[in-house]
Amino acid sequence: MTDLLMTRLVLPMGGAVVLVALTWVLLRRNAPLWVFLAVLLAVPLALVQLRASVRITGWHNLMHCSFVYQIERGGGVPENPLMAGEPLRYYYGQHWLLAQLMRVVPLAPTVLFALFNLLAALLTAVALDRVAVRLGRAKPFRVFAVMMGLIGTLVPSGGLTLKLAQTVGIQVENRAPPVHKFFTANNNPVGIAAAAFVLLGLVKLVDGRGDQSRGGYALVGFGLLAAGLLYPMAWVPCVAATGLVGLARLAAGPDDRRRGAILLAVLVACAAAVYPYLRAITAGKSGSSEFAPAGPAELLRGVENLVLVLAWPVVIWAVAGPALGEFLARNRPVARVLALWSVVGAALFLAVAAPERIQYKFLITGLLGFGILLGAGLAVLYESPRWRLLAFLIPLSILFGLLRDLTDMLYDWRPSEPIAEVGTQLRHRDPDQDRLYRWIDEQTPPEAVYLDDTLMVPVLGRRTLYIGYTSTNNDLDFFDTHHHDGWGVWVHTYLTGVTGVNASEEKSRSALARNVFAETGAPIDAAGLSRAAEQLGGRPLYVIARDLRTADRLQSLPFVELAFRNPAAIVLRVKPGDGSRAAPTAEAPSRRHHDGLPTAIDSSSRPRS
């Protein structure tokens, strides 16, 4: 009960109060903007990223690291780490960049992701501030605009407020606050930053104060290319908003028509440059991974969430409507672009049904502009002694829910696999497990394929799994079933909904995995296992047996031979039809040395799986 109170009430409320109180103090002292960015954004982000358990195994971190290692190992189009022979149908542009950077900078992907996230957050904040300046230069407005652009306007995003909304039957999309994406390893942050640059470029083009056009075209072009190559979920709303602004310019005066034509030309050129890559990562995806128009139920759910997003803005308009209208009228073209940008994100969120409901990422992009408009409302409230307290209570209410997941990660995250960062590698903290994965990485061919009942081979052994499979729940305290920490998604959903593999092939391979790792002692599907080895076209297939019953069942087959053995597991090679026996490399007790393990690793530490 104490832990629940700490993670669900005390810590998130305490964090929200501290951030809002610091905002009040810094505004009273008229601190420079960089102080706000450091204290209210950079420091909290860095504190979360400094916690190794969050940085390594939080949410989808290991999934994204597996993509980096696939690219580092192969150099070309990466293979799906959880299904050998399938290309990775996922936007892997940033992962390719990190794989190249690892060749120069000896840091693990988890550390590089953390550094990228921090940089992307700061660039996003600076871009939002540059947009806000076009509406007003007063410090309170700029601070509120950047803050609300990052945290969004959804109150029930976590904790008690989320539970209350769910109690009354609302399916809250609590993943929408933009700042959420900067705390764990993924490629969302670079896409959000790219979208912020596109927004800034569009604002420059319509600002009307001086010749801003050249810089505006460059920002739009850079943002579109970066979003398309690194995070296409942000690219779609950026393309829609850019196209609408360009068409609107064509319908205006002569000078505006020229700007509109150039802007549309930039859009077409960027789309042409990005299209081959987008085509390559989507070609061949199964139907379950495709986007479709939203049906009635999905549309209703989207409307409910937009009502929640608009709740505070409606209150602000009711309190300060005339003054807010006057504030936004200082630069109507910029206010219109922000409104258009917000509507595009919301419309895509409503109109599209995507796997795992990831259409919420369109809403994230829209909130960048909508937050600036809300920041204008908070600035108006702040200037009124009567309503000043409300200006701080609004972000406090949003931060309380938003910090719920973050405080849970910091306070109660319990990874099932103890992992350390050693140079560019991720290493298991258990010496026996570490030697298993080091043998896989150092002593087996790069093209080797593994059948295992955990998802750790792609990140610790840097090899491909024949099929992603988890026979047990690796972290009962956090996931529901068939998860593995650091992946944050059901394997079946990852394979069919996220990466769109061939559904029948996934079903066949999963059935073989269930048979091989069955705890009932059922006979091994010898024909299926032999067929799997033949199917790989000469690539060696290994099976990792983590208990003696599985090893005994496998070793009874004439085409299976011992390849490696230590206290962590027995690894057996499945020979193709014409294969010959190879000498086993079973580890002798005298060879159980530490192989350069970091001193922080405790040899008594054992994984729960």
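Bear in mind that the values here come from a model prediction, so they are computed numbers and not experimental data.

Caption draft 1: Geometry of the packing of aromatic side chains. For the coordinates displayed, the defined rule picks out 14 aromatic pairs. Here Tyr91 and Tyr231 contribute two aromatic rings whose centre-to-centre distance is 5.5 Å and whose plane-to-plane angle is 85°, an arrangement assigned as edge-to-face. Linking Tyr91 in the loop between α4 (61–74) and α5 (93–102) with Tyr231 in the loop between α10 (213–230) and α11 (232–250), this pair joins segments that are 140 residues apart in sequence. Each residue in the set Phe67, Tyr90, Tyr91 and Tyr231 is aromatic and connected to the rest through ring pairs, giving one cluster. Residue placement shows Arg388 over the ring face of Tyr382; its charged tip is 4.7 Å from the ring centre.

Caption draft 2: Looking closely at the sheet that holds strand β6 (residues 464–465). Judged by pairing direction, the sheet is mixed, and its five strands sit side by side in the order β6-β5-β7-β9-β8 without closing on themselves. Of all the strands in the sheet, the pair left with one neighbour each is β6 and β8 (560–566). Here strand β5 (residues 449–451) runs beside strand β7 (residues 541–545); their pairing, made up of three bridges, is parallel. Paired with Tyr450 across the bridge in β7 is Tyr542. Strands β5, β7, β8 and β9 (569–574) of the sheet are contacted by helix α17 (residues 431–443), whose axis makes an angle of about 135° with β8. Seen against the sheet, helix α21 (residues 526–535) touches β5, β7, β8 and β9 and runs at an angle of roughly 135° to β7.

Caption draft 3: Fine view of the nonpolar core. Judged by nonpolar contacts, the single largest core of 201 residues is most densely connected at Tyr450 and Leu529. Here the element with the most residues in this core is helix α15 (residues 360–382); it accounts for 16 residues. Leave out the neighbours within four places in its chain, and Leu529 touches Leu451, Leu512, Val516, Ile524, Leu541, Val543, Leu554, Leu557, Phe559, Val560 and Val574.

Caption draft 4: Local environment of empty space enclosed by the protein. Under the defined criterion, the tally for this structure stands at two cavities of 30 Å³ or more. The space that makes up the largest cavity amounts to roughly 60 Å³. Together, Tyr69, Gln425, Leu426, Arg427, His428, Asp434, Tyr437, Arg438, Asp441, Val459, Leu460 and Arg462 line the largest cavity. Secondary-structure elements contributing two or more residues to the lining of the largest cavity are β4 (425–428), α17 and α18 (457–461). The volume enclosed by the second largest cavity comes to roughly 40 Å³. Lining the second largest cavity are Asn188, Gly191, Ile192, Tyr231, Ala234, Lys361, Ile364 and Thr365. The set of elements that each furnish at least two residues to the lining of the second largest cavity consists of α9 (188–207) and α15. Looking at the lining of the second largest cavity, its residues break down into four nonpolar, three polar and one charged.

Caption draft 5: Structural detail: the packing of helix α2 (residues 33–50) against helix α7 (residues 139–151). Direction vectors running N to C along α2 and α7 enclose 30°, while the axes themselves pass 11 Å from each other. The angle between α2 and α7 places the two elements in the roughly parallel class. Here the hand of the crossing between α2 and α7 comes out right-handed. Together, Leu33, Phe36, Leu37, Leu40 and Leu41 of α2 and Lys139, Arg142, Val143, Val146, Met147 and Leu150 of α7 make up the contact between the two elements. Of the residues assigned to the contact of α2 with α7, the class counts are nine nonpolar, no polar and two charged.

Caption draft 6: Representation of the layout of surface pockets. There is about 640 Å³ of room inside the second largest pocket. Leu19, Leu40, Leu41, Pro44 and Leu403 are the residues nearest the centre of the second largest pocket, which is lined by 31 residues in total. If you list the elements that add at least two residues to the lining of the second largest pocket, you get α1 (2–28), α2, α7 and α16 (388–412). When residues in the lining of the second largest pocket are grouped by element, the largest group, eleven residues, is from α2. Each residue belonging to the lining of the second largest pocket can be placed in one class, and the counts come to 28 nonpolar, two polar and one charged.

Caption draft 7: Here's a closer look at a nonpolar patch on the surface. On the surface, a cluster of nonpolar side chains totalling about 380 Å² of accessible area is made up of Leu9, Val10, Met13, Val17 and Leu160. Counting residues per element, the nonpolar patch draws most heavily on α1, at four residues. Take Met13: it is sitting in helix α1. The partly exposed category is assigned to Met13, whose relative accessible area is 30%.

Caption draft 8: View of the confidence of the model for the protein chain. The predicted model of the protein chain has a mean per-residue pLDDT of 88, with 90% of residues at 70 or higher. Note on residues 474–482: pLDDT under 50 across the span, and 28 contacts to partners over four residues away in sequence or across chains. Taken together, the stretch residues 578–586 has pLDDT below 50 and engages in 17 contacts with residues farther than four places along the chain or on a different chain.

Caption draft 9: Here's a closer look at the environment of Leu367. Following the sequence through the fold, Leu367 ends up in helix α15. Note on Leu367: relative accessible area 4%, which makes it buried. The spatial distance from the C-alpha of Leu367 to the C-alpha of Ala176 is 8.5 Å, given a sequence separation of 191 residues. Residues in contact with Leu367, not counting those within four places in the same chain, are Met148, Gly149, Gly152, Thr153, Ala176, Pro178 and Val309.

Cut-offs and rules
Residues numbered from 1 in each chain as written. Predicted model: local features only at pLDDT ≥ 70, side-chain atom pairs only at ≥ 80, totals over all residues. Heavy atoms only, no water. Phe/Tyr/Trp six-rings, centres within 6.5 Å; stacked < 30°, edge-to-face > 60°. Helix = DSSP H or I, 4+ residues; strand = E, 2+ residues; numbered from the N terminus. Lys NZ or Arg CZ within 6 Å of the ring centre and 35° of its normal. Pairing = 2+ DSSP bridges. Contact = heavy atoms within 4.5 Å. Axes fitted to C-alpha atoms, helices over the stretch in contact; angles between N-to-C directions. Core = buried A, V, L, I, M, F, W, Y, C linked by side-chain atoms within 4.5 Å. Buried < 20%, exposed > 50% of the residue type's maximum accessible area, 1.4 Å probe, protein only. 1 Å grid on protein atoms, 1.4 Å probe; cavity = no way out; pocket = protein on both sides within 12 Å on 5 of 7 lines; lining within 4 Å. Points joined across faces, edges and corners; volume = space filled by probe spheres on them. Nonpolar A, V, L, I, M, F, W, Y, C, P; charged D, E, K, R; others polar. Parallel < 35°, antiparallel > 145°, perpendicular 65-115°, else oblique. Left-handed = near helix turned anticlockwise from the far one by under 90°. Patch = residues over 30% accessible without salt bridge, like charges linked within 9 Å, V, L, I, M, F, W, Y side chains within 5 Å. Areas by Shrake-Rupley, 256 points an atom, 1.4 Å probe, with all protein chains shown as cover. Salt bridge = Lys/Arg side-chain N within 4 Å of Asp/Glu carboxyl O. pLDDT = per-residue confidence, 0-100.

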